[in-house]
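# Structural description and commentary
The residues making up each chain are set out below.
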Amino acid sequence: MNLNLCFKIRVIFYESNMRSFQYLPVSFKRCLKLLTPNSTRTLKKFSDNTEINSDMVQEFVKFSSSANNPSDKHDKQTIANVMKRWQEIFIKENIAEPKESIQHITASIIGITKLSDLAKLQNEQLSEEQLQKLEILCECRLSRMPVQYLIGQWDFRDITLKLEPPIFIPRPETEILVELMLKRMNDFGNKSCEILEIGCGSGAICLSLLQSRKNLRVVAIDINPHACDLTKENAKNLNLEMGLILLNAKLNETGNISVKKNYTSSQPLKFEQLRFDFIVSNPPYIPTQRIFSLQPEVRVYEDIKALNGGNDGLRLIKPILLYASVALNDDGFLILEIDSSHCEQIKMLVEENYAGKLQFESVYKDFNENDRYVEIKRIHR
């Protein structure tokens, strides 16, 4: 585990909506004060390239210990006792999923992958080194850093992905998007499908598809070069590089794709000549005005650009529709994860702007019975 991850905190605020330092969580202020003792009260961005040393780590542990466990320092540090104490602290501080948070942190510290195995180790004692690592991670969890970033990885369907802030954390709901893709691919039989993913993030969708079906060629693009780096690393770790073409590229409002870097080939890729059987995306779809009502775990630590869908939440979805109307093969499908309020708007956009090209096919619900996914079909030319 790389403890530097705990301190590589990126705080991104909009120019028009700066937040005062005094309103950040108390433990988050401790993190920042250790790293930026001369910081001003208002912060725009805290660089993720900050280096730490052993003195800073020790001081951080001192902060954690004095704040949270002054009376039981000499108690037996069994896994059961430590987990119970931190779960109570998380509950008191209104941390989401307090039990699961300490379970994941503890499992990562002792090097196990199944949370169920913790039950067999309740009476085991943590070493001083393990305890210090756990205290640091728990303190960062108090600052609302997502567990996925703290432990540095997360399971998505049948693959395990490396995760780093601020790259978007894949949600369980997106697993349904992959299932819909795979189900629709069955209609193509054994045909080798050509797929484009717009906004690959950590590689959850494209790599899960490649893991499930070997006869695919997937072109994955993301506007964020750090996301492309992470997807490339995850593809290598999972031995899924063969079917993947990875690009740092942008889908413009005009519906064309401009490439900044090809991660898999020195040969230029001409998108105007490419055609796909499937286009899939979990695009930014949250309306701008709702961004700052999201949980701190999301609005502080994750990449705002991966969330912000503009005033109506459709800023990227509109050019996706435009590109799909040209780039999909006949009977090909565009499959999107959307906000539950967007279904009728997207249907109207398709019917009004792409009659004779695209057909609004199906709507599917998520775990909470909200409209979350749409299928749009390319009509025969």
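In the block above lies the structure referred to throughout.
Now for a look at the structure at hand. (Residues numbered from 1 in each chain as written. Predicted model: local features only at pLDDT ≥ 70, side-chain atom pairs only at ≥ 80, totals over all residues. Heavy atoms only, no water.)

### Looking at the sheet that holds strand S8 (residues 328–337)
Rules: For two strands to count as paired, DSSP must find a minimum of two bridges between them. Think of it this way: any DSSP run of H or I at least four residues long counts as a helix, any run of E at least two long counts as a strand, and we number them from the N terminus. Axes here refer to lines fitted to C-alpha atoms; in helices the fit is confined to the stretch in contact. Angles between the N-to-C directions go from 0 to 180 degrees. The criterion used for residue contact is that any of the two residues' heavy atoms lie within 4.5 Å.
Reading across the sheet, the eight strands line up as S6-S5-S4-S3-S7-S8-S10-S9 and stay open at both edges, with mixed pairing between neighbours. If you trace the sheet from one side to the other, it starts and ends with strand S6 (257–262) and strand S9 (358–365), each paired once. For this sheet, the mean inter-axis angle between neighbouring strands, taken without regard to orientation, is 25°. Bridge count between strand S5 (residues 244–251) and S6: five bridges; the pairing is antiparallel. Residue pairing across strands places Lys 250 opposite Ser 258, the latter belonging to S6. In the packing of helix H9 (residues 204–212) onto the sheet, the strands contacted are strand S3 (193–198), strand S4 (216–222), S5 and strand S7 (276–281), and the crossing angle to S4 comes to about 170°. Contacts between helix H12 (residues 317–327) and the sheet are confined to S3, S5, S6, S7, S8, S9 and strand S10 (371–378), with S8 contributing the most and set at about 160° to the helix.

### A word on the packing of helix H5 (residues 98–110) against helix H6 (residues 128–142)
As a reminder, the rule being used: Helix crossings are classified by the rotation of the near helix relative to the far one: an anticlockwise turn of less than a right angle makes the crossing left-handed, while a clockwise turn makes it right-handed. Gly is placed with the polar residues, together with every amino acid not listed as nonpolar (Ala, Val, Leu, Ile, Met, Phe, Trp, Tyr, Cys and Pro) or charged (Asp, Glu, Lys and Arg).
Where H5 meets H6, the closest approach of the two axes is 10 Å, and the angle between their N-to-C directions is 145°. Two packed elements cross with a definite hand, and for H5 against H6 that hand is right-handed. Packed against H5, whose contacting residues are Ser 101, Ile 102, Ile 105, Thr 106, Ser 108, Ile 109 and Ile 110, the element H6 presents Gln 130, Lys 133, Leu 134, Leu 137, Cys 138 and Arg 141 at the interface. Classifying every residue of the contact of H5 with H6 gives seven nonpolar, four polar and two charged.

### Here we look at unusual backbone geometry
Using the following cut-off: A simple rule labels every residue: compare its accessible area, found with a 1.4 Å probe on the protein chains alone, to the largest value its type can have, and call it buried under 20%, exposed over 50%, or partly exposed in between.
Pro 165 connects to Pro 166 through a cis peptide bond whose omega is 5°. Locating Pro 166 in the fold gives a position in the loop between strand S2 (159–162) and helix H8 (172–185). At Glu 97, a position not held by glycine, the phi torsion is positive, near 50°. Within the fold, Glu 97 resides in the loop between helix H4 (79–92) and H5. Looking at Glu 97, the relative accessible area reads 56%, which means it is exposed. Although it is not a glycine, Asp 331 adopts a positive phi angle of roughly 65°. Relative to the elements of secondary structure, Asp 331 occurs in strand S8. What makes Asp 331 partly exposed here is its relative accessible area of 29%.

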